Amino acid sequence: MDVLIHVFVGLHIIGIAALLGGFFFQMKAMRADEARFVPGMLHGAFTMLLTGMVLVGLNQAGGDPVNNVKIGVKLALLVVILGLVYVKRDEEKVPSSLFGTVGALTVANIFIAVLWT
């Protein structure tokens, strides 16, 4: 069971990397107010959602304690991220404030995962 959990943690990190990497890739365009949500950002957010749900299920099935408040906060942030990226995915230009919000929420999600014990 531990190996399976570690595999999904790795996939979860790949999803985070895709989302945050897409954000960093567009930062120069964001300064010029020409940023857009690249497809990798949407795929990364969906990967985070799917692997996160699997990780919660695997941990609960293994009898490990799960902090449901922490998972709820992380899920709420991810739903907002997914909603913003999904709705604006086909637009050529996304306002810098909206694009920055997605980056800030992603970073907040990472720090919640790491610091909230």
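Structural data are supplied above this passage.
Residues numbered from 1 in each chain as written. Predicted model: local features only at pLDDT ≥ 70, side-chain atom pairs only at ≥ 80, totals over all residues. Heavy atoms only, no water.

Novice: Please set out the packing of aromatic side chains residue by residue, giving values where relevant.
Specialist: What the rule picks out here adds up to three aromatic pairs. Consider the rings of Phe23 and Phe24, whose centres lie 5.8 Å apart with planes at 55 degrees: the pair is tilted. When the ring of Phe37 is compared with that of Phe99, the centres are 5.2 Å apart and the planes differ by 25 degrees; the resulting orientation is stacked. In this pair, Phe37 sits in the loop between helix H2 (27–31) and helix H3 (39–61) while Phe99 sits in helix H5 (residues 96–115), placing the two residues 62 residues apart along the sequence. Each member of the pair Phe37 and Phe99 is classed as buried. By way of ring pairs, the aromatic residues Phe23, Phe24, Phe37 and Phe99 are connected into one cluster. Above the ring of Tyr86, the side-chain terminus of Arg89 is found at 3.9 Å from the ring centroid. (Phe/Tyr/Trp six-rings, centres within 6.5 Å; stacked < 30°, edge-to-face > 60°. Helix = DSSP H or I, 4+ residues; strand = E, 2+ residues; numbered from the N terminus. Buried < 20%, exposed > 50% of the residue type's maximum accessible area, 1.4 Å probe, protein only. Lys NZ or Arg CZ within 6 Å of the ring centre and 35° of its normal.)

Novice: How would you summarise the packing of helix H1 (residues 2–25) against H5 if you had to cite specific residues and measurements?
Specialist: Remark: H1 packs on H5, axes separated minimally by 10 Å, with the N-to-C direction vectors making an angle of 145 degrees. In this structure, H1 meets H5 at a crossing whose hand is left-handed. For the pair H1 and H5, the contacting residues are Ile16, Leu19, Leu20, Gly22 and Phe23 in the first and Phe99, Gly100, Gly103, Thr106, Val107 and Ile110 in the second. Grouping the amino acids of the contact of H1 with H5 by side-chain chemistry returns seven nonpolar, four polar and no charged. (Axes fitted to C-alpha atoms, helices over the stretch in contact; angles between N-to-C directions. Left-handed = near helix turned anticlockwise from the far one by under 90°. Contact = heavy atoms within 4.5 Å. Nonpolar A, V, L, I, M, F, W, Y, C, P; charged D, E, K, R; others polar.)

Novice: I'd like to hear about the nonpolar core, residue by residue, with values.
Specialist: Core analysis: the largest hydrophobic core is formed by 22 residues, its most contacted members being Phe37, Met41, Val85 and Phe99. Excluding its chain neighbours within four sequence positions, the residues that come into contact with Val85 are Phe37, Met41, Leu42 and Val102. (Core = buried A, V, L, I, M, F, W, Y, C linked by side-chain atoms within 4.5 Å.)

Novice: Let's hear about the pattern of salt bridges: which residues, and what values?
Specialist: The tally for this structure, following the rule as stated, stands at one salt bridge. For the salt bridge of Lys88 with Glu91, the shortest nitrogen-to-oxygen distance reads 3.4 Å. (Salt bridge = Lys/Arg side-chain N within 4 Å of Asp/Glu carboxyl O.)

Novice: Which residues make up the packing of helix H4 (residues 68–87) against H5, and what are the values?
Specialist: As a packed pair, H4 and H5 sit with axes 10 Å apart at the nearest point and diverge in direction by 160 degrees. Taken together, the axis directions place H4 and H5 in an arrangement best described as roughly antiparallel. In the packing of H4 onto H5, the handedness of the crossing is left-handed. Facing H4, whose interface residues are Lys70, Val73, Lys74, Leu77, Leu78, Val80, Ile81, Leu84 and Val85, H5 presents Leu98, Thr101, Val102, Leu105, Thr106, Ala108, Asn109, Ile112 and Ala113. A class-by-class count of the residues in the contact of H4 with H5 yields 13 nonpolar, three polar and two charged. (Parallel < 35°, antiparallel > 145°, perpendicular 65-115°, else oblique.)

Novice: Please provide a residue-by-residue account of the side chain of Thr51, values included.
Specialist: You can see Thr51 is positioned in helix H3. A distance of 2.7 Å separates the side chain of Thr51 from the side chain of His12, its partner in a polar contact. Among residues more than four places away in sequence, those in contact with Thr51 are Phe8, Leu11 and His12. (Polar contact = N/O pair within 3.5 Å; in protein donor to acceptor, adjacent residues only side chain to side chain.)

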